[in-house]
Amino acid sequence: MMKMKILLALLLLLLTLLTGVCSRRARKIYYVKAGEMVALQCPLRGHGDAKLIWTSDTTKEMNLTNMSSAEQRQMDVLIHERSLVILSASVNHQGNYSCSLGNAGSQSWFRLTVYTTQREYEERTKYPVTCYTQESCTLHCPDVNTPAVNTPDITSSGIMWHKEGESLPRDSHFSSVEENDHGVYTCTRSYLYHGQIYNMTFTVELDVQPKEKPVASVILTPRANDVFPVDLGSTVVIDCKAVMNSDFDEVFWLSGNSFVGTNKGLPVFYNYTWERNTGGIKMTASLVFKKVSAEDLSKHYSCKLESASEPSSFVTITLAQKASPISLSLSLGIVGIMVVIVVTVVVYVKLKMDIALFLRNTLGCFRSTSDGKSYDAFLMCYKSNTDAGLNEDDRKWLESVLEERFGYSLCLYDGDLLLGKAVAEAVLDRIEQSQAVVLVPASSHPGPGSGLLSAIHAALVERQTRLIFIKTEATEESKSGSLPEALQLLAEAGDCVTWRGLRSMPPSSSFWRQLRYYLPAPQHAPKIKLLSQTTTQDDNS
């Protein structure tokens, strides 16, 4: 039991250490244009009373969570649940931010870069899209770093599209795209907060390719709805492969409904390679996670194929955190303890009799007389129906070995009953004074009658006196109904030991080990042992 408690304590310590190792998350980099809105989403989720704390480390370290609403408004920030919204970014907002769960040790870091020119911002946040002539095409405005839909007092005011070089707004849907639609488009997401409009702009570059009719179908891997086990903070690359016969087919990755960029400076991006052979064009689009975050686990990623002649095909995958493996040493320790327990149980079951007698002999465990019992055992013969019962010499040997060799104090049915009392009363009186009752089979002894045997059975049950019932091999091999009913009840109520004739004579035989195991410890040390010790002392003197 103590070993199991120690093992559980070590397991809890190991889990605590593993939690501490994973508590600090990788830093994420966010880009925003000066004067626009950006939202930072904390991947940590609190448990119990753990409070989420946002900290700013721009000009000096500040606890944003402890600020009042008025102070947050003055800094153009808003905190709601796991979101930190910067309403109008400026160079003063540029720097490091972190979110943590109170004193739990878990912390996630962010780096915010504010660009003051449109060109610098576009170079970092351009989202490429490919469409094909004479086909419908819809531009999707990215929804990255946007405020959560349940953020108080912030409502979306729609999306406006403009094409570079044009002043009038444009529709994001082309029923039949043409080559002159090629260019750079800007989508502006507008949000209303306390009567003021705040914007977020994204740049989408549309590449229009000529349409060519493919001559083969497309095969996509991985399979749909695959789940990829990953470790938080690790670098993961997931390949999406397609076999095509058209140069104008395209494979790319989406995060939800948003395009994953090809900019290698992003925390999640994709790149592609292709090769041409006789079997067609093999294209591989590799989705790269620089450092997997908890936010990545909550998203669905889709590899989509835009084909010139076939309907669009896609597969969706998700990431799942790997279960923390138990260390090899801990596993071996658990297995070792289980093996020790099993071996101990097996050894005890097999050798419990020898172990008990060894301890009794080695430690000299003798019964105290304070229990009021005068005898260790009351020996009484019963009439055996076979001729294999113990003869008089065997009974004398049995009594002698118990008294002289093993030190038991015996009360004998034939010689120690009190005179002047009825037999039944005298027998019950001796049972009262004895620790155990031993019934010995005798072929030539009349034995007690069935009435006395029934009274003995009742007395043993009432007083919970131990009974040892000695059988012979002939009785053991006979049918179960060969004993009288009263003896059958006694045999079933006690522990049975089989006398096997000459094989049971030696004190080291299994008969004596079983008989001594069922008998209580004797009151006194064996006389033979005491005599041997006295002789040795005399010789030494």
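Within each chain, residue numbers correspond to sequence positions counted from 1 in written order. Since the coordinates come from a predicted model, pLDDT governs what is reported: local features require at least 70, and pairs of side-chain atoms require 80 or more to be given and counted, while whole-chain, interface and lining totals use all residues. The basis for the side-chain values is all heavy atoms of the structure; hydrogens and waters are excluded.

(A) Representation of the overall build of the protein chain. When helices and strands are counted, the protein chain shows 12 helices and 29 strands. Taking all 541 residues of the protein chain together, 41% fall into the buried category. The contact rule is simple, with two residues in contact once any of their heavy atoms fall within 4.5 Å. In the protein chain, the proportion of contacts linking residues at least 24 apart, taken out of those at least 6 apart, comes to 71%. Accessible areas in this description were obtained via Shrake-Rupley with a 1.4 Å probe; residue shielding takes into account the shown protein chains only. Carbon and sulfur atoms provide 53% of the accessible area of the protein chain, an area that totals close to 29600 Å². By definition, any uninterrupted DSSP run of H or I lasting at least four residues is a helix, any uninterrupted run of E lasting at least two residues is a strand, and each is numbered from the N terminus. Throughout this description, buried means an accessible area under 20% of the type-specific maximum (1.4 Å probe, protein chains only), exposed means over 50%, and partly exposed covers the range between.

(B) Structural context of the state of the cysteines. Disulfide assignment relies on a single distance test, namely cysteine sulfur atoms paired within 2.5 Å. As enumerated under the stated definition, the model contains 4 disulfides in all. Paired through a disulfide, cysteine 141 and cysteine 187 show a sulfur-sulfur distance of 2.2 Å. Taking the sign of the torsion about the S-S bond as the criterion, the disulfide between cysteine 141 and cysteine 187, at about 75°, is right-handed. Here the residue cysteine 141 occupies a position in the loop between strand S10 (137-138) and strand S11 (154-163), and cysteine 187 occupies one in strand S14 (residues 183-193), the gap between them amounting to 46 residues. Judged on exposure class, the residue cysteine 141 and its partner cysteine 187 are both buried.

(C) Layout of the environment of threonine 146. Turning to its location among the elements, threonine 146 is positioned in the loop between S10 and S11. Taking C-alpha positions, threonine 146 is 6.3 Å from valine 38, a pair spaced 108 residues apart along the chain. If near-sequence neighbours (up to four positions away) are discounted, threonine 146 is found in contact with Ala39, Gln41, Arg189, Tyr191 and Met200. What qualifies as a polar contact is a pair of N or O atoms within 3.5 Å, subject to a donor-acceptor requirement within protein and to the restriction that residues adjacent in sequence count only when both atoms come from side chains. Among the polar contacts made by the side chain of threonine 146, one reaches the main-chain carbonyl oxygen of aspartate 143 at a distance of 3.2 Å.

(D) Expanded view of the pairing of S11. When DSSP finds two or more bridges between two strands, those strands count as paired. In this structure, S11 lies alongside S14, joined through 8 bridges in antiparallel fashion. Within S14, the residue paired with threonine 155 across the bridge is leucine 192. Where S11 meets strand S12 (residues 169-170), 2 bridges bridge the pair, whose relative direction is antiparallel. Paired with tryptophan 161 across the bridge in S12 is arginine 170. The hairpin turn running from S11 into S12, its antiparallel successor, is 5 residues long, and glycine 165 in that turn takes a positive phi close to 95°.

(E) Geometry of the sheet that holds strand S15 (residues 196-209). Taken together, the 5 strands give an open sheet; going across it, the order is S9-S15-S14-S11-S12, and neighbouring strands pair in mixed fashion. At either margin of the open sheet sits one strand with a lone partner, and together these are strand S9 (126-132) and S12. Examined bridge by bridge, S9 and S15 share 7 bridges and lie parallel to one another. Of the residues in S15, the one forming a bridge with valine 129 is leucine 206.

(F) Structural detail: the packing of aromatic side chains. A pair of aromatic rings is counted whenever rings of Phe, Tyr or Trp (Trp by its six-membered ring) have centres within 6.5 Å, and the orientation is called stacked for planes under 30 degrees apart, edge-to-face for over 60 and tilted otherwise. As enumerated under the stated definition, the model contains 14 aromatic pairs in all. Summarising the aromatic geometry, the rings of phenylalanine 252 and phenylalanine 259 are spaced 5.6 Å apart at their centres and angled 40° between planes, so their arrangement reads as tilted. The class for phenylalanine 252 is buried, based on a relative accessible area of 10%. Using a relative accessible area of 13% as the deciding quantity, one classes phenylalanine 259 as buried. Each ring, one from tyrosine 517 and one from tyrosine 518, has its centre 5.6 Å from the other, and the planes form 65°; the classification is edge-to-face.

(G) Molecular detail of unusual backbone geometry. With a phi close to 60°, aspartate 76 is a non-glycine residue in the positive phi region. Mapped onto the elements of the fold, aspartate 76 is located in the loop between helix H2 (69-74) and strand S5 (77-80). In this structure aspartate 76 comes out as partly exposed when scored by relative accessible area, which is 26%. A positive phi angle, close to 70°, is found at aspartate 153, a residue other than glycine.

(H) Molecular detail of the pattern of salt bridges. For salt bridges, the criterion is a side-chain nitrogen of Lys or Arg within 4 Å of an Asp or Glu carboxyl oxygen. For the coordinates displayed, the defined rule picks out 10 salt bridges. Lysine 304 is the partner of glutamate 306 in a salt bridge, and the nearest nitrogen-oxygen pair spans 3.5 Å. Owing to a relative accessible area of 22%, glutamate 306 belongs among the partly exposed residues under this scheme. Taking relative accessible area as the criterion, lysine 304 reaches 22% and is therefore assigned partly exposed.

(I) Summary view of the sheet that holds strand S6 (residues 83-86). Within the open sheet, the 3 strands sit side by side as S2-S6-S5. Their pairing is antiparallel. Each edge of the open sheet carries a strand with a single partner, namely strand S2 (38-41) and S5. Averaged over all pairs of adjacent strands, the angle between their axes in this sheet comes to 15°, without regard to strand direction. Here 4 bridges tie S5 to S6, and the two strands are oriented antiparallel to one another. Its bridge partner lying in S6, isoleucine 79 is registered against leucine 84. To get an axis, fit a line to the C-alpha atoms, keeping to the stretch in contact for a helix; angles then go from 0 to 180 degrees between the N-to-C directions.

(J) Just the packing of helix H6 (residues 392-405) against helix H11 (residues 510-518), in detail. Remark: H6 packs on H11, axes separated minimally by 12 Å, with the N-to-C direction vectors making an angle of 60°. Taken as axis vectors, H6 and H11 run oblique relative to one another. The element H6 and its partner H11 pack so that their crossing is right-handed. From H6, Trp397, Leu398, Val401 and Leu402 reach across to H11, where they touch Phe511, Trp512 and Leu515. Gly is placed with the polar residues, together with every amino acid not listed as nonpolar (Ala, Val, Leu, Ile, Met, Phe, Trp, Tyr, Cys and Pro) or charged (Asp, Glu, Lys and Arg). Residue composition of the contact of H6 with H11, by class: 7 nonpolar, no polar and no charged. For classification purposes, an angle smaller than 35 degrees is called roughly parallel, one larger than 145 roughly antiparallel, one from 65 to 115 roughly perpendicular, and anything else oblique. Working rule for handedness: look at the near helix, and if it is turned counterclockwise from the far one by less than a right angle, call the crossing left-handed; if clockwise, right-handed.

(K) Quick look at H6. With 14 residues, H6 extends 19 Å between its outermost C-alpha atoms, agreeing within 8% with the 20 Å of an ideal straight helix rising 1.5 Å per residue. When we look at burial in H6, the residues that qualify are Asp394, Arg395, Leu398, Glu399, Val401 and Leu402. Seen along its axis, H6 keeps its buried residues to an arc of 160°; they face one direction. For H6, exposure combined with an orientation more than 90 degrees from the buried face picks out Glu392 and Asp393. N-capping of H6 is provided by asparagine 391, with a side-chain oxygen placed 3.2 Å from the backbone N of aspartate 393. In the segment just after H6, glycine 407 is the residue with positive phi, at about 80°. Given a helix with a known number of residues, its expected span is that number minus one, times 1.5 Å. Here, the arc refers to the directions that run from the helix axis to the C-beta atoms.

(L) Local environment of helix H10 (residues 485-493). Ala486, Leu487, Leu490 and Ala491 are the residues of H10 that are buried. Taken end-on, H10 shows its buried residues confined to a sector of 135°, consistent with a single buried face. Within H10, the exposed residues directed more than 90 degrees away from the buried face are Glu485, Glu492 and Ala493. Packed against the buried residues of H10 are strand S25 (375-383), strand S27 (434-442), helix H8 (450-463), strand S28 (466-472) and strand S29 (495-499).

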